[in-house]
Amino acid sequence: MTPDTAGAPLRTQAGPFAAADSALAFDLAAGLDRVEERLSAAAAQSERLPHEASHHLMQAGGKRVRPLLVLLAAQLGDGTRDEVIDAAAAVELIHLATLYHDDVMDDAPVRRGAPSAHEVWGNSVAILTGDLLFARASLLSSELGPAAVRLQATTFERLVLGQLAEFTGPAPDEDPVAHYLQVLADKTGSLIAASGEFGLRFSGASEEFIEPLRDYGEKVGVAFQLADDIIDLTSDAATSGKRPGTDLRERVPTLPVLYARRAAAGGDTTAAEVVVRLDGDLTSDVALEEARVALAAHPVTQEARAEARRWADEAIAALEALPEGEVREGLEAFAHQVVERSS
Ligand code: FPP
Ligand code: MG
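In this text the structure is predicted, and so the values were computed from the model without any measurement.

Novice: Honestly, the pattern of salt bridges in this entry has me stumped. Any pointers?
Specialist: Opposite charge on two side chains makes pairing possible when the charged atoms of those side chains draw close. Applying the stated criterion to the full structure yields 26 salt bridges. Among the salt bridges present, the one from Asp102 reaches Arg111, with a minimum N-O distance of 3.3 Å. In this structure, Arg292 engages Glu289 in a salt bridge whose closest nitrogen and oxygen atoms are separated by 2.6 Å. With Arg292 and Glu289 both in helix H14 (residues 285-297) and three residues apart, this pair spans about one turn of that helix.

What follows is the structure, encoded as structure tokens:
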């Protein structure tokens, strides 16, 4: 569809991935509208509680980063196909399922500006709702065929193993920063890489683009998650929709934390002071806020930001094999947006 054939006004925006008035921006926004309808229908249940709980997070908002990437990649083939919309809905359902579980594990009180599902219904309902969404994602994939089921299964295994590796932490002889970057590639990069692959496969685009786009997606995923580490430190709840300092309170070894520890071990006394705060009792809101502010103000946070930008630049370099044009430029803008966002 082009702007000339536009019908009803679009509910969703394509974001800064295409010139605002371009045909590409219109196609992406139109695709996202279709994805929203598919998502809502795919999560429908006949009983009130599972229905409400299944729609809770998707209705709270969200950037729809993964569906957008499916749609953008699909522009290299026929992006209007129904299968592309199903694939975009499936990846968002997988992502949503992980968020229900993640918020239980992180004991996160808010997500997307709304109370987390476990705050509303308790841990059991939140976990089971994640499972329900995952079941519905699997149903969509099964309709797309064995290639989709396989891609979903291999991606999900990596994602779960990444989360597990984060939980268990590095081995005694392992570099903590290298371990952490691998965790991010597995728990976030895997699904973002799969999003590009879903978009290419189900739009009928040339398979020669799959590997470069997977490489791009994986690196964008790491950049995205590194940016998240910074947002936890520097963004306010009204902007990010999450409580600042949640990672610190949960003792997540984010990149700024790992850099602070490394600098302190190397003799940096200001970093050592920050580490003392980080290792202190963070149960009170005052102590948490002091630790957050101290780490955010330390140069290690800027170093972590620079590392996020390096991953985004490397992601863009992976696009070399793609044809020049609006889609490649959109993917480049997408990588920049991922690291410069504040929510
Ligand atoms: C966000 O991490 C979490 C993930 C990217 C994936 C976590 C994976 C699981 C919880 C496995 C799910 C399993 C099933 C069966 C659905 P984060 O805490 O760093 O990001 P945040 O700041 O958005 O919370
Ligand atoms: Mg979390």
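Novice: I tried to follow the coordination of the magnesium ion (ligand 2) on my own but got confused; where do I start?
Specialist: Tetrahedral coordination by four donors places them ideally at 109.5 degrees to one another around the metal; octahedral coordination by six donors ideally gives 90 or 180 degrees. Protein coordination at the magnesium ion (ligand 2) comes from Asp102 (OD) and Asp106 (OD), with a distance range of 2.0 to 2.1 Å. In this pair, Asp102 and Asp106 both sit in helix H4 (residues 82-106), four residues apart, roughly one turn of the helix. Among the residues examined, Asp102 registers a relative accessible area of 16% and is labelled buried. Note on Asp106: relative accessible area 17%, which makes it buried.

Novice: Please clarify how H4 should be interpreted in this entry.
Specialist: Think of an α-helix as 3.6 residues a turn; residues three or four steps apart then line up on the same face. With 25 residues, H4 should cover 36 Å at 1.5 Å per step; its first-to-last C-alpha distance of 36 Å lies within 8% of that length. A large share of H4 lies buried, amounting to 21 of its 25 residues. Phi for Asp107, located one or two positions after H4, is positive at around 50 degrees.

Novice: Explain unusual backbone geometry here, please?
Specialist: Trans is the common state for peptide bonds, and a negative phi is the common state for residues other than glycine. The backbone of Asp107 shows a phi angle near 50 degrees, a positive value even though the residue is not glycine. When you line up the elements, Asp107 lands in the loop between H4 and strand E1 (110-111).

Novice: What is the right way to look at the packing of aromatic side chains in this model?
Specialist: The relative placement of two aromatic rings is captured by the distance of their centres and the angle of their planes. Across all of its chains, the model carries two aromatic pairs by this definition. For the ring pair Phe134 and Phe156, a centre distance of 3.9 Å and an interplane angle of 25 degrees mean the geometry is stacked. Within this pair, whereas Phe134 is found in helix H6 (residues 123-144), its partner Phe156 is found in helix H7 (residues 146-168), the two being separated by 22 residues in sequence. Taking the relative accessible area as the measure of exposure, Phe156 reaches 22% and is therefore partly exposed. When the ring centre of Phe224 is taken as reference, the NZ or CZ atom of Arg341 above it lies at 3.8 Å.

Novice: Which parts of the structure should I look at to understand H6?
Specialist: Taking 1.5 Å of rise per residue, the 22 residues of H6 would be expected to cover 32 Å, and the 32 Å separating its terminal C-alpha atoms lies within 8% of that figure. Contacts made by the buried residues of H6 are with helix H1 (23-42), helix H2 (48-59), H4, helix H5 (117-121), H7 and helix H8 (176-203). The positive-phi residue at the C-terminal boundary of H6 is Gly145, with phi of around 110 degrees.

Novice: What exactly am I supposed to notice about the nonpolar core here?
Specialist: The tendency in soluble globular proteins is for nonpolar side chains to be buried side by side. Counting 93 residues, the largest nonpolar core has Phe198, Tyr216, Leu226, Leu295 and Leu331 as the members making the most contacts within it. Among the elements that take part in this core, H4 stands out by supplying 14 residues, more than any other. Once you skip the residues sitting within four places of it in the chain, Tyr216 turns out to touch Leu69, Ala315, Ile316, Ala318, Leu319, Leu331, Phe334 and Ala335.

Calculation criteria
Residues numbered from 1 in each chain as written. Chains lettered and ligands numbered in written order. Predicted model: local features only at pLDDT ≥ 70, side-chain atom pairs only at ≥ 80, totals over all residues. Heavy atoms only, no water. Salt bridge = Lys/Arg side-chain N within 4 Å of Asp/Glu carboxyl O. Helix = DSSP H or I, 4+ residues; strand = E, 2+ residues; numbered from the N terminus. Donors = N, O, S within 2.8 Å, 3.2 Å for Na, K, Ca; no water. Buried < 20%, exposed > 50% of the residue type's maximum accessible area, 1.4 Å probe, protein only. Expected span 1.5 Å × (residues − 1). Phe/Tyr/Trp six-rings, centres within 6.5 Å; stacked < 30°, edge-to-face > 60°. Lys NZ or Arg CZ within 6 Å of the ring centre and 35° of its normal. Contact = heavy atoms within 4.5 Å. Core = buried A, V, L, I, M, F, W, Y, C linked by side-chain atoms within 4.5 Å.

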